[in-house]
Amino acid sequence: MANNTPVIELKHVDKHYGSLHVLRDINLAVHKGEVLVLIGPSGSGKSTLCRTINRLETIDSGQILIEGEPLPQEGKELAQMRAEIGMVFQSFNLFAHKTILQNVTLGPIEVLKTPKDVAEREAMELLRRVGVAEQAAKVPAQLSGGQQQRVAIARSLAMHPKAMLFDEPTSALDPEMINEVLEVMVELAREGMTMVVVTHEMNFARRVSNRVVFMADGQIVEEGTPSEFFDHPQTARAKDFLDSIRGH
Amino acid sequence: MSAHTVSMRDALYEAPGPKTRRLTIVGTILSLVLVGIGLALVVRQFYVSGQLDAKYWVFFTQLHTWRYLFDGFLGTIRVAAMAGAISLLLGVLLMLGRISNVRPLSAVCRVIIDFFRGVPSLLLIYFFYLVIPQYGIRLSAFWMITLPVALAASGVLAEVFRAGVNAVPKGQTEAALSIGLTPGKTMVKIVLPQALRIVVPSLISQLVVVVKDTTVAYVVSYPDLMQNARVLITTHDAVVSVYLVVAVLYILVNYAINQLSITMARRSGNPIVSRTTENPT
């Protein structure tokens, strides 16, 4: 966290969907090795915020900087930048017509121009790491949700990203599969990966994150360390939210 | 039916009870009887009107009749294959133009697609046959039938492909972009291969239309199956028998296209067992 230039920085970011103001003056910096968790009620803009960082969502005004450089708008530069930031989606989005192995090797071969045999060796190593190596020859639809999401993480890791974005990675999973994905993420955090995680998994947030950012109505309402936020929330909005999820 | 395959019928209807099963049996017998009666009537009518006379059929025992039909058959295959190939390629290109972000290109492609889709292929054939030669462009009979048929089909195919591209879940594109593929590569490597597989059924019907469109080749005197059949009809004064045989040949060709497309779709990669990835935010 010592490094001065943040890996990801957002300055005064605004975005509208028509008349809906989905992101309001967002200022945020994520430093190297930091695990930042974005939480908040649905519709608060946390997923949108996460997706603006690799320009899957555009912004209306403000600035997004990656290692101090403005986020490219298009072309090779944008593709290049996206290659350096991993993204894991709620619905996995594995390439349905490719095998598990091909899903992981596609990026390295097509983008990094890694020779096929090297890419495959690395991919198998990653698949082993996330515990799905024996599924390498199958297609995504033959795997469970938890396995697919772990493959999706391996696919991102194969690009040797500087940072990874997780957009509700466990929200589409059956309860018994959530932990196998979270474990992989915990492991990544321990290894020092810079991570932005949109999640509803409060235990994960408390255990792994360095900082919790609470959003509501497109704004950052509160941020702090997990213990600050979970044990002593400052705002009424955050208290309500925490009460509602602890509720019963 | 094996344990893990669900037929379309199973998916659409509930399993029949005893009453329905009895009704089904009655219905089956009744319809078989009706079909039988219908066929008998047709054959009887042929017999009465003399269509079954030996003179209408005996020339089918001669080798050169078949050789002549076979030549026509090859002509049909040649035109259909070339027109099919051109229309597939042109269809993909038109579709890519149509969905491009470049407004003028998209507009032009849209007009071209709508034009070829809207104009009857016979009119296009007349255009190539009667209008184009006036401008000093000399095309062989082969191209005068192949090009208009291909153009007419390409418009429809472009729309078929577009439907396929739209049916590929958005998450596939987002995932491809997020690992650093350019939009172009995303289209070629991720979207198109999946889109193609989605549209195989529509593709088959359109290629069958191409084969059927080639039957107007007589307009430009290209010796396809239909043209040669017409010659046989005049030579032997036998309409019904020749048309019956030719109809069977056309059905065989289209059946072959059907089988070929299915095999190709199966071979073109890994099976997509289900498509469940729509992207909710």
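Residues numbered from 1 in each chain as written. Chains lettered and ligands numbered in written order. Predicted model: local features only at pLDDT ≥ 70, side-chain atom pairs only at ≥ 80, totals over all residues. Heavy atoms only, no water.

Regarding its fold elements, chain A presents nine helices and 10 strands. Here the C-alpha radius of gyration of chain A, 18 Å, is about what a compact globule of 248 residues would show, namely 18 Å. Projected onto its principal axes, the C-alpha positions of chain A cover 55 × 45 × 40 Å. Across the 248 residues of chain A, 57% fall into the buried class. As displayed, chain A has an accessible area near 10,600 Å², and 47% of this comes from carbon and sulfur atoms. The averaged location of the 33 negative side-chain charges in chain A is 3 Å from the averaged location of its 26 positive side-chain charges. (Helix = DSSP H or I, 4+ residues; strand = E, 2+ residues; numbered from the N terminus. Rg over C-alpha atoms; globule rule 2.2 N^0.38 Å. Buried < 20%, exposed > 50% of the residue type's maximum accessible area, 1.4 Å probe, protein only. Areas by Shrake-Rupley, 256 points an atom, 1.4 Å probe, with all protein chains shown as cover. Lys, Arg positive; Asp, Glu negative; His and termini not counted. Charge placed at Lys NZ, Arg CZ, Asp CG, Glu CD.)

Each assigned domain of chain B is listed with its residue range as follows: domain 1 (17–49) and domain 2 (59–274). If you average the C-alpha positions of domain 1 of chain B and of domain 2 of chain B, the two centres end up 37 Å apart. (Domains from an automatic or database assignment.)

A word on helix 3 (residues 100–110) of chain A. Burial analysis of helix 3 of chain A places nine of its 11 residues in the buried class, the great majority of the element. For helix 3 of chain A, the full list of buried residues reads I100, L101, N103, V104, T105, L106, G107, P108 and E110 of chain A. Taken together, the buried residues of helix 3 of chain A touch helix 4 (116–129) and helix 5 (145–157) of chain A together with helix 9 (183–213) of chain B. (Contact = heavy atoms within 4.5 Å.)

All names here are of chain A. Pairing is mixed across the open sheet formed by six strands, whose spatial order is 6-7-8-3-9-10. Either end of the sheet is taken by a strand with one partner, and the two such strands are strand 6 (85–88) and strand 10 (219–224). Neighbour to neighbour, the strand axes of the sheet diverge by 15° on average, direction disregarded. Here strand 9 (residues 211–216) pairs with strand 10 via five bridges, running antiparallel. Bridging across to strand 10, F214 finds its partner in E222. Contacts from helix 2 (residues 75–84) reach strand 6 and strand 7 (163–167), with the element oriented near 70° to strand 6. (Pairing = 2+ DSSP bridges. Axes fitted to C-alpha atoms, helices over the stretch in contact; angles between N-to-C directions.)

All told, the structure shown has 11 aromatic pairs over all chains when counted by the stated rule. For the pair F214 of chain A and F241 of chain A, a centre-to-centre distance of 5.2 Å together with 45° between the ring planes defines the contact as tilted. Here F214 of chain A is found in strand 9, whereas its partner F241 of chain A is found in helix 9 (residues 236–246), with 27 residues between them in sequence. There is no split in this pair, since F214 of chain A and F241 of chain A are both buried. Both rings, one in F60 of chain B and one in W66 of chain B, keep their centres 5.6 Å apart while their planes meet at 50°; by these two values the pair is tilted. Through successive ring pairs, a cluster of aromatic residues spans F214, F229, F230 and F241 of chain A. Over the ring of F95 of chain A we find R155 of chain A; its NZ or CZ atom is 4.6 Å from the centre of that ring. Above the ring of Y218 of chain B, the side-chain terminus of R230 of chain B is found at 4.4 Å from the ring centroid. (Phe/Tyr/Trp six-rings, centres within 6.5 Å; stacked < 30°, edge-to-face > 60°. Lys NZ or Arg CZ within 6 Å of the ring centre and 35° of its normal.)

The next point concerns the sheet that holds strand 2 (residues 20–30) of chain A. Two orientations exist for strands paired in a sheet by backbone hydrogen bonds: parallel and antiparallel. Taken together, the four strands give an open sheet; going across it, the order is 2-1-4-5 (chain A), and neighbouring strands pair in antiparallel fashion. The open sheet has two edge strands, strand 2 and strand 5 (69–70) of chain A, and neither has a second partner.

This paragraph deals with the pairing of strand 9 of chain A. All names here are of chain A. Most of strand 9 sits inside the fold, with six of its six residues counted as buried. The two faces of strand 9 match: R211, V213 and M215 on one face and V212, F214 and A216 on the other face are all buried. Here strand 3 (residues 35–39) pairs with strand 9 via four bridges, running parallel. Its bridge partner being in strand 9, L36 is matched across the sheet by R211.

Another point: the layout of surface pockets. Gaps left between atoms show up when a probe the size of a water molecule is rolled over them. Residues and elements named next belong to chain B. The calculated volume of the largest pocket comes to roughly 640 Å³. Looking at the largest pocket, it is lined by 25 residues, and the ones nearest its centre are L88, L203, L207, S261 and M264. When residues of the lining of the largest pocket are traced back to their parent elements, those giving at least two are helix 4 (63–98), helix 9 and helix 11 (239–267). Considering every element that reaches the lining of the largest pocket, the biggest residue donor is helix 9, with nine residues. (1 Å grid on protein atoms, 1.4 Å probe; cavity = no way out; pocket = protein on both sides within 12 Å on 5 of 7 lines; lining within 4 Å. Points joined across faces, edges and corners; volume = space filled by probe spheres on them.)

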